[in-house]
Amino acid sequence: MRETMGKTIAFLTVAALLPMAITAFSAEVIKTPAPNAPAPATAPSMMPAWQKLGTVPILSYQWPKNTDEKMRAKRFEDYLEMGFTGIYKLDGEQPYAGKLFLDKGMHGFMFQTRFVNRREPVIGSDGKPAWFRPARASHPYSKSIFSTENAKCYYDWTTEFAKGYGLENLFSAGDTIVMTSWDETGLYSREAIEDGYTAKDEFIKYLTEYVYRDKGPGEDSNRDGRTFNSETGLDLKSWQEVQLPDIKERYEKPGLWRLWIDFHGYYTNLFFLRGGRHVSDGIQRDVELFPFAHSTIKWPGASSMKGLDLYCQAKMHRLLTVEDCQSDYPGSTIHYSFTDQLSRRYQRPVMGWSWFWPNADRHSDPLMAGRALARAMGHNVHGLLFWIYKPEWAKKPEMRSAVAYWHHSFQAHWDFLKNATVPKPQAAVLFPRNTGNMYPNYEYPKLDYGWTIQALSEAHIPFEVVADNQLESEPEILDDYKALIIPTAAWESKRFLDRIEKFIANGGFVYTDADSLMIDNGTGLTVPSLIRLFGIKPLKKYKGLFSPGYDSVSEYQWASEFAAKWQSPTWEKDSHGYIPDVLSSCSPLVIDDTDLKLLRDKLPARSGTGLPQSLIDPRQPQLIMAEANSGSLPDKHRTFHDIITGEAVSGVKVLASYGTEVCAVETAQTVWTGFRPGFDHACIFPLEEMRKWGEPVWPFDKNLSANAAQRAGARQWITRIIEKAGIKAPLELTLDGKPCPWIEILIRQDLAGNAMIFLINHEMISGEYLIGGILTNNPRHVGNLMDGNKIKPDAEGRIKVKIPPGDVILLASGDADFVTKRIAAQQKVPKKYKDMAVFE
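Residues numbered from 1 in each chain as written. Predicted model: local features only at pLDDT ≥ 70, side-chain atom pairs only at ≥ 80, totals over all residues. Heavy atoms only, no water.

Student: Talk me through the overall build of the protein chain; I want residue IDs and the actual numbers.
Tutor: Helices and strands together make up the secondary structure of the protein chain, namely 23 helices and 33 strands. Counting the 840 residues in the protein chain, one finds 64% classified as buried. Long-range contacts, defined as pairs at least 24 residues apart, comprise 76% of the intrachain contacts of the protein chain with a sequence gap of at least 6. (Helix = DSSP H or I, 4+ residues; strand = E, 2+ residues; numbered from the N terminus. Buried < 20%, exposed > 50% of the residue type's maximum accessible area, 1.4 Å probe, protein only. Contact = heavy atoms within 4.5 Å.)

Here it is in structure tokens:
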């Protein structure tokens, strides 16, 4: 029986607790520094060793069973044709897979570890085994990482495999053998928050040794001014009285829930850190065993409920992964913009993703491969994991050749890219993990967050993603930026809000929206941040039905019991249950007056922040009207989501209204919009593209598709703060004198200022583009790597480049030798590839 507790207070974060340094074979994590001290990376950098690798790691999933030497050689030749330089995961023969590549001066086998056999399952909050994915025979239930039996089995089995496979055949960077968890180990075992086995003891250990370091929950024995009791509102006498919270109690005990969620993000990484040390001891070699998790780690609310924390991983492990390979949808941009920042700051190599499935319709166009892989190469990526090479690729020779071409292109430029990085940007977007903690998996209203990333990309403004728990632990990180954008972040800590206030006082610029920054995630109480920092006193909330936000038990119940039925429109599906690529035959949902009345009657009269609220008519878009003196903002903006209105503080500029009520204001350094521009539902991408990736779409109208040019109005609300901060795009790109938001621009640069520029055309628009900016209009050299020609700038330092529809152009900018070398390297990449070998 769980103890009933009152309102709680907690301003802590996993990162504030992380250790100063980790030695290769130490038994436990070293204690943290003082709470306000900087928190340096806890594991040494692997980047110097990685940069010495002679070839870029492009690792293929699996090496199938094969006992015939001739067939083995044939398969290896085919793998080389695809641009693979090693493999990961292995269900086939040993030890040939790693040795074949190593003998050619490439990379061995990066062991993708996994739990073996059916051992102790995850125990849920009800004390019973938590069952997931019962249709998958190999994973009948999640296996607990809190079980000492499971841990020993996993660690020992991994150690014995390494010994049996042969250390000389494994992937290594310098003196370190690199292994990774299988995604099912890193993710399936974390399908739910665990309560069983050693979870409570580990949680208390986390609180006592890594967070508070006090003798008792109410005793400030280390004199740091903080205690568990004072920051949770509890009155415990001993640490053993701590009770584990349940997700149903998260609004009643937000502070304790925050600690519990952060602990799981910490412990997942600690589990694999311990595993790496165990294997290190067993084989007497340094081992990096880093967690591999699915791409959900990029979405607020999807990662925290799975015990994942990308920032925590970057602090505790020496390698990061990005499981995103999307040609157009902004998922990859979100993830890579997060790892760009973590890689730069903590010097972590990043293994990107080359994800192509031969039977998927969305992988039928060879140009998609170029757009997706150029996105990876244009970010701080230091290798690729490929999934999945199967005989079915023989039926798609053009797509297979396109993938091979870009793999070989990565290899061709490895000598430059391994030492190059994305230039440090001036803008950052907040990853609102704290708010995401308050939502069950996938229920966080993420379209607003996703659109913010897409809007900056379309505006050609470089940016990084920074987590709120990272800012709480290392507040000086904000000193790197001029502007911070905070989308859909209702629940934040006092420490976070204090840091934002200091950032503004020091000249920083901040944008936020709707009811963001309104709730203290320690007490659950409303805070006056919007009045103090943004000049608006919220008074009313007009509730949207689609993908609703919620901040109280009653609102959550309304969202799950009444609003949820409208979140999955009954679009027609094909015989396999997949959403068809074309929605022309799909009928939108119909909501009648009776449905609307029920939804309105059941909606709580007040939001969790105390605002009186009413449901807007979801069948009709709501119009935000800009003030006459608002400048570049659109006269009208259509939205379908929450709208907050309020009273502007004296002297604050009103930007827009909803009816007669103020819903957007700005000060000299801040902008607040009471609506969320991302919920236009034509913003992130056309409905067809969103549906392909399983995202929710607006269910009442199928005609909201928009291209990048038509998204200009929604972009202007996001880029308003960028303009106020005086941040400029590094390249100015136009077609017939007009901006080109459909062209994505990515840049990697070395210390000498030499750069590779990736121009990705996301639409079927052709033309000769005019490019100017800091990388082209200085007295340096520019070359088009695709046609092998150097480009002579005009009198104003601008160049002209043809970018074919849906295609990618690579440019080199720098000194003459650099440009010549990059052109030569690209021109050596084969344009044609042999047909896939036949394996019998």
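There is more to say, and it comes next.
Student: Explain the confidence of the model for the protein chain residue by residue, including any values.
Tutor: Taken over all residues, the pLDDT of the protein chain has a mean of 86, while the share at 70 or more is 86%. With pLDDT under 50 throughout, residues 133-138 is counted as low confidence; its partners more than four residues away or in other chains account for seven contacts. With pLDDT under 50 throughout, residues 569-582 is counted as low confidence; its partners more than four residues away or in other chains account for 25 contacts. (pLDDT = per-residue confidence, 0-100.)

Student: Please set out unusual backbone geometry residue by residue, giving values where relevant.
Tutor: Cis rather than trans, the peptide bond between W387 and I388 has omega equal to 10 degrees. Considering the arrangement of structural elements, one finds I388 in the loop between strand 10 (384-387) and helix 12 (397-412). Positive phi is not limited to glycine here, since Y197 has a value of about 55 degrees. Tracing the chain through its elements places Y197 in the loop between helix 5 (183-186) and helix 6 (199-211). Located in the positive-phi region is R223, a residue other than glycine, with phi close to 55 degrees. Counting through the fold element by element, R223 comes out in the loop between helix 6 and helix 7 (228-232). Among the residues examined, R223 registers a relative accessible area of 77% and is labelled exposed.

Student: Give me the pairing of strand 24 (residues 670-673): which residues, what numbers.
Tutor: Taken residue by residue, a regular strand's side chains alternate between the two faces of the sheet. Burial along strand 24 is two-sided: T670 and W672 and V671 and T673, pointing in opposite directions, are all buried. Bridging between strand 23 (residues 661-666) and strand 24 involves three bridges; their strand directions are antiparallel. Note on strand 24: the bridge partner recorded for A664 is T673. Count of turn residues in the strand 23/strand 24 antiparallel hairpin: three residues. (Pairing = 2+ DSSP bridges.)

Student: I'd love a proper account of the sheet that holds strand 26 (residues 738-739), names of residues and values included.
Tutor: Across a sheet, strands are paired by hydrogen bonds formed along the backbone, either parallel or antiparallel in direction. Read across the open sheet, the four strands follow the order 26-25-29-32; overall the sheet is antiparallel. Sheet topology places strand 26 and strand 32 (799-802) at the edges, where each strand pairs with a single neighbour. Looking at chain direction, strand 29 (residues 768-773) and strand 32 are connected through four bridges and run antiparallel. Within strand 32, the position partnered with I771 by the bridge is I799.

Student: Describe the packing of aromatic side chains, naming the residues involved and giving the relevant values.
Tutor: On inspection of all chains with the given rule, the structure shows 52 aromatic pairs. Seen in terms of ring centroids, W355 and W387 are 5.2 Å apart; in terms of plane orientation they differ by 25 degrees. Their pairing is stacked. Placement of W355 in strand 9 (residues 350-355) and of W387 in strand 10 is noted, with a sequence separation of 32 residues between them. Seen from their ring centres, F675 and W717 are 5.0 Å apart, and the 90 degrees between their planes marks the pair as edge-to-face. Within this pair, whereas F675 is found in the loop between strand 24 and helix 21 (687-692), its partner W717 is found in helix 22 (residues 712-725), the two being separated by 42 residues in sequence. Side by side, F675 and W717 carry an identical accessibility label, which is buried. Grouped by ring-pair contacts, the aromatic residues F146, F203, Y206, Y210, W260, F263, Y266 and Y267 constitute a single cluster. Over the aromatic face of W299 sits the side chain of K446, whose NZ or CZ is 4.3 Å from the ring centroid. (Phe/Tyr/Trp six-rings, centres within 6.5 Å; stacked < 30°, edge-to-face > 60°. Lys NZ or Arg CZ within 6 Å of the ring centre and 35° of its normal.)

Student: An account of helix 15 (residues 447-458) is requested, with residue identities and associated values reported.
Tutor: The terminal C-alpha atoms of helix 15, which comprises 12 residues, lie 16 Å apart, in line with the 16 Å expected from a rise of 1.5 Å per residue. In terms of burial, helix 15 is largely enclosed, as 12 of its 12 residues are buried. Here helix 15 has its buried residues at L447, D448, Y449, G450, W451, T452, I453, Q454, A455, L456, S457 and E458. (Expected span 1.5 Å × (residues − 1).)

Student: How would you sum up the sheet that holds strand 28 (residues 755-761)? Please name residues and give values.
Tutor: Read from one edge of the open sheet, five strands run 27-28-33-30-31, paired in antiparallel fashion. The open sheet has two free edges, formed respectively by strand 27 (743-749) and strand 31 (789-791), since each of these has just one partner strand. Put simply, the sheet's adjacent strands are angled 25 degrees from each other on average, direction ignored. As judged from the seven bridges shared by strand 27 and strand 28, these two strands associate in the antiparallel manner. Following the sheet pairing, I745 is matched in strand 28 by L759. Across the sheet, helix 11 (residues 366-377) lies against strand 27, strand 28 and strand 33 (808-814), angled at about 150 degrees from strand 28, the strand it touches most. Packing against the sheet, helix 23 (residues 816-827) makes contact with strand 28, strand 30 (781-784), strand 31 and strand 33, and its axis sits at approximately 155 degrees to strand 33. (Axes fitted to C-alpha atoms, helices over the stretch in contact; angles between N-to-C directions.)

Student: Lay out the environment of D175 with the relevant residues and their values.
Tutor: By the element assignment, D175 lies in the loop between strand 5 (172-173) and strand 6 (176-181). Once the C-alpha coordinates of D175 and A49 are considered, the two residues, 126 residues apart in sequence, prove to be 8.2 Å apart. What D175 contacts, discounting residues up to four positions off in sequence, is R285 and D286.

Student: So what's going on with the environment of P291? Which residues, and what values?
Tutor: Relative to the elements of secondary structure, P291 occurs in the loop between strand 7 (286-290) and helix 9 (310-316). On the basis of relative accessible area, P291 is assigned to the buried category, the value being 4%. For the pair P291 and N269, spaced 22 residues apart in sequence, the C-alpha separation works out to 6.8 Å. Not counting the four nearest positions on each side in its chain, P291 is found in contact with T180, S181, N269, F272, Q313, H317 and T321.

Student: Tell me what's going on with the nonpolar core, and back it up with residues and numbers.
Tutor: Counting residues in hydrophobic clusters, the biggest one holds 229 residues, and the most contacted among them are W50, F203, L207, F228 and F356. Of all the elements, helix 8 (residues 254-283) adds the most residues to this core, at 14 residues. Not counting residues within four places of it along the chain, the set of residues in contact with F228 comprises L207, Y212, P217, L234, L236, W239, V242, L256 and L259. Among the nonpolar cores identified, the runner-up in size contains 21 residues, and L733, L735, I743 and I809 belong to it. (Core = buried A, V, L, I, M, F, W, Y, C linked by side-chain atoms within 4.5 Å.)

Student: Which residues make up the side chain of T512, and what values do they have?
Tutor: By secondary structure assignment, the location of T512 is in strand 15 (residues 509-513). In this structure T512 comes out as buried when scored by relative accessible area, which is 0%. Looking at T512, its side chain comes within polar contact range of the main-chain oxygen of I486, at 2.8 Å. The residues contacting T512, other than those within four sequence positions of it, are I486, L517, L530, F534, V671, W672 and T673. (Polar contact = N/O pair within 3.5 Å; in protein donor to acceptor, adjacent residues only side chain to side chain.)

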